[in-house]
Amino acid sequence: MRHSRRLQIISRSKRSRNLVSHYDPAAGWAGPKLTSPRRRVKARKATSPSTRVIPTPANTSNGFATPNLTNQVNNTIVSPVFACFPKASADVLKKRRIVKARYPPTATAGKLKETPTAKYFCGETTVDQAMFKEDASLASRAKVHENLHARLALVDQSKHKDGFYILQVLAVDVLFGGSDYYLFSRWGHTGTKGQWKLEGPYEGGEIEAETVFARTFESKTGVAWNKAVRGAPPEAERYEFLQSVPRSRETGSWFYYLKNDLDGKPDGWYEYDEENAAEVEELFGQYQASNCAARLSTRFVQSSSSGFTYKVVLGTMTQQNTRTGKTRPIQRTVTGLPPK
């Protein structure tokens, strides 16, 4: 058979490219060779002593039977991770740890869902929950600045006006040290989630963030930030800088007394829904923190569940529907049970 004819026959068989390139007419046919990439890798692994790991008797010193993996060449212990993945070197794992530290897990799906108003009321030093709706990944890594945070209230009992304003400077650690600084603000009618805004990161860092924070604070209160006093009576038509509500304060449950209901409900104490209870509990905490100041004893709360606005008098423990004029007694309990 001619030489060209032999090449034609071989080219029609499997692995033709590998066999034809290694066929030598002078040496004759020597059978299939380990020429494919997969075969070469398998052959190298089978003959290389550096990756052959032999399990030694189980180690029971810690109370569990865990096998010891020993290198056959130098009789040293090999990590089970590197035994299973020989290409995962220390440098590669170090890079993975750096990436994981730079981008930690974002907020869970539960935080991205519609959050009830009750969960929006948190301490000034806790990242406001509305921030998770603005940027969940950033909120999960942010911390409230220990000095630059404030909760304000604008209450005008004669005009049935009641609003809030929250300011927080947020610090977010970045790779290779340092922090980015943002200003988060949320405002609206008491009883609602309101609206919010996130500004930053500031090129001037902490100093610029403090400057913007102080400017916003003064525009709402009429008082310079470095001269502000918590709990001081506010100027006319200005926000009040509220006292901090202690975290250790016991959370209570709120009830209203229903009598002669038009829908036929029996007379008795009925519990507030979650959103309204959390709102009134927050207002009650502010009232107590101000030493029961008269200017914070009467608040006007917009109920998102019913759509009504209620005049809540914490001094006498009553609520009045501003549209219908209906007044009912209210009570707070720390046991979670209705009043007796």
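Refer to the structure presented above.
Conventions adopted
- Residues numbered from 1 in each chain as written.
- Predicted model: local features only at pLDDT ≥ 70, side-chain atom pairs only at ≥ 80, totals over all residues.
- Heavy atoms only, no water.
- Pairing = 2+ DSSP bridges.
- Helix = DSSP H or I, 4+ residues; strand = E, 2+ residues; numbered from the N terminus.
- Contact = heavy atoms within 4.5 Å.
- Axes fitted to C-alpha atoms, helices over the stretch in contact; angles between N-to-C directions.
- Buried < 20%, exposed > 50% of the residue type's maximum accessible area, 1.4 Å probe, protein only.
- Polar contact = N/O pair within 3.5 Å; in protein donor to acceptor, adjacent residues only side chain to side chain.
- Salt bridge = Lys/Arg side-chain N within 4 Å of Asp/Glu carboxyl O.

## Some thoughts on the sheet that holds strand β5 (residues 179–189)
Okay, step 1: Spatial ordering of the open sheet is given by β6-β5-β4-β3-β7, a layout of 5 strands whose pairing is antiparallel. Taken across any chain shown, the strands that pair with only one partner, and hence form the sheet edges, are β6 (195–199) and β7 (240–241).
Okay, step 2: Both strand β3 (residues 142–156) and strand β4 (residues 161–173) contribute to a ladder of 11 bridges, which runs antiparallel. What sits directly across from Ala142, in β4, is Val172.
Okay, step 3: Together, β3, β4, β5, β6 and β7 form the strand contacts of helix α9 (residues 205–221), whose direction differs from that of β3 by roughly 10 degrees.

## Considering the side chain of Ser185
Okay, step 1: As for its placement among the helices and strands, Ser185 is situated in strand β5.
Okay, step 2: The exposure class of Ser185 is buried, given its relative accessible area of 2%.
Okay, step 3: Other than its neighbours up to four places away in sequence, Ser185 contacts Tyr165, Ile166, Leu167, Gln195, Trp196 and Lys197.

## A look at the sheet that holds strand β10 (residues 298–302)
Okay, step 1: Read from one edge of the open sheet, 6 strands run β9-β8-β13-β12-β11-β10, paired in antiparallel fashion. Every interior strand has two partners, whereas the edge strands, β9 (268–271) and β10, have only one. Between one strand axis and the next, the sheet turns through 30 degrees on average, direction left out of account.
Okay, step 2: As paired strands, β10 and strand β11 (residues 309–313) are joined by 5 bridges and run antiparallel to one another. Residue pairing in the sheet places Val301 in a bridge with Tyr310 of β11.

## Examining the pairing of β5
Okay, step 1: Inspection of the sheet shows β4 paired to β5 by 11 bridges, in the antiparallel sense. Bridge pairing in β5 links Asp173 to Ser179.
Okay, step 2: The loop that links β4 with its antiparallel partner β5 comprises 5 residues; one of these, Phe176, has a positive phi angle of about 70 degrees.
Okay, step 3: With 5 bridges joining them, β5 and β6 adopt antiparallel strand pairing. Within the sheet, the bridge partner assigned to Ser185 lies in β6 and is Lys197.
Okay, step 4: Counting the residues in the hairpin turn of β5 and β6 gives 5 residues, including Gly191, whose phi is positive at 105 degrees.

## Points about the environment of Ser140
Okay, step 1: Along the polypeptide, Ser140 turns up in helix α8 (residues 136–141).
Okay, step 2: Overall, the relative accessible area of 33% leaves Ser140 in the partly exposed class.
Okay, step 3: Once the C-alpha coordinates of Ser140 and Val127 are considered, the two residues, 13 residues apart in sequence, prove to be 8.7 Å apart.
Okay, step 4: Side-chain polar atoms of Ser140 contact the backbone oxygen of Ser137, separated by 2.7 Å.

## Some remarks on the environment of Glu146
Okay, step 1: Here Glu146 is to be found in strand β3.
Okay, step 2: For the pair Glu146 and Thr125, spaced 21 residues apart in sequence, the C-alpha to C-alpha distance is 7.0 Å.

## Focus on the pattern of salt bridges
Okay, step 1: Counted by the stated rule, this structure contains 8 salt bridges.
Okay, step 2: Between Arg186 and Asp128 there is a salt bridge whose closest N-O contact spans 3.0 Å. Of the two residues, Arg186 sits in strand β5 while Asp128 sits in the loop between α6 (109–112) and α7 (130–134), which places them 58 residues apart along the sequence.
Okay, step 3: Here Arg186 falls in the buried class, since its relative accessible area comes to 1%.
Okay, step 4: With relative accessibility at 2%, the residue Asp128 sits in the buried group.
Okay, step 5: A salt bridge links Glu240 to Arg295; its shortest N-O distance comes to 3.0 Å.

## Description of unusual backbone geometry
Okay, step 1: The omega torsion of the bond from Gly200 to Pro201 falls at 0 degrees, within 30 degrees of zero and hence cis.
Okay, step 2: Mapped onto the elements of the fold, Pro201 is located in the loop between β6 and α9.
Okay, step 3: A positive phi angle is found at Asn291, which is not glycine, with a value near 60 degrees.
Okay, step 4: With respect to the helices and strands, the residue Asn291 is situated in the loop between α10 (274–289) and β10.
Okay, step 5: Of note in this structure, Met317 is not a glycine but carries a positive phi near 55 degrees.
Okay, step 6: With respect to the helices, strands and loops of the structure, Met317 is situated in the loop between β11 and β12 (318–321).
Okay, step 7: By relative accessible area, Met317 is classed as buried at 17%.

Just geometry here; none of it tells us what the structure is for.
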